[in-house]
Amino acid sequence: QVQLVESGGGLVQAGGSLRLSCALSRGIFGVAGMGWYRQAPGKQLDLVAGISTSDTPTYAESVKGRFTISRDNAEKMVDLQMNSLKPEDTAVYYCAAASRPGIGYDYWGQGTQVTVSS
């Protein structure tokens, strides 16, 4: 079964930093686009950042300048470095990947909680 496994969530004070990592399972030989989503309590699932196979990143306006997405194709991982965290960044963060170009994300992780205290 295809799996994405997130790690690195936790509790941090406002202004602090966290780094989320996502590892693809052995059954995945390659993916196209990868990204991170988040869902705060009572709110919809929102795209935080995405990265293409050519390493071109995209970011939600709310995280530009604070978050950085990166991928390591050899290690089959995608990371999200989060700096200058704010209480409104509190959410469950999900890793996602597309099995091939031109389609939406069809691989998903189970999520990791990020809590930013004020």
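Refer to the structure above for everything that follows.
Here we summarise the structure given alongside this text. Keep in mind that this is a model prediction, so the values were computed, not measured.

### Considerations on the sheet that holds strand 7 (residues 67-72)
Phase 1: As summarised here, the arrangement of the four strands in space is 1-3-8-7, forming an open sheet in which the pairing is antiparallel. Single-partner strands in this sheet number two, and they are strand 1 (4-7) and strand 7. The sheet shows a mean angle of 15° between the axes of neighbouring strands, taken without regard to direction.
Phase 2: In the sheet, strand 1 pairs with strand 3 (residues 18-24) via four bridges, with the strands oriented antiparallel. Within strand 3, the position partnered with Ser7 by the bridge is Ser21.

### Digging into the pairing of strand 5 (residues 45-51)
Phase 1: When strand 4 (residues 34-39) meets strand 5, the two strands line up antiparallel, connected through six bridges. Residue Met34 lies in a different strand from strand 5, and its bridge partner there is Ile51.
Phase 2: Linking strand 4 to strand 5, which pair antiparallel, is a turn of five residues; within it Gly42 sits at a positive phi near 75°.
Phase 3: Bridge analysis of strand 5 against strand 6 (residues 57-59) gives three bridges, and the strand direction is antiparallel. Of the residues in strand 6, the one forming a bridge with Gly50 is Thr58.
Phase 4: Counted along the chain from strand 5 to the antiparallel partner strand 6, the turn is five residues long, and its residue Asp55 has a positive phi close to 70°.

### Observations concerning unusual backbone geometry
Phase 1: Phi is positive for Asp55, close to 70°, though the residue is something other than glycine.
Phase 2: For Asp55, the position within the fold is in the loop between strand 5 and strand 6.
Phase 3: Of note in the backbone geometry, Lys76 takes a positive phi value of approximately 55° without being a glycine.
Phase 4: Among the secondary structure elements, Lys76 is positioned in the loop between strand 7 and strand 8 (77-82).

Analysis parameters
Residues numbered from 1 in each chain as written. Predicted model: local features only at pLDDT ≥ 70, side-chain atom pairs only at ≥ 80, totals over all residues. Heavy atoms only, no water. Pairing = 2+ DSSP bridges. Helix = DSSP H or I, 4+ residues; strand = E, 2+ residues; numbered from the N terminus. Axes fitted to C-alpha atoms, helices over the stretch in contact; angles between N-to-C directions.

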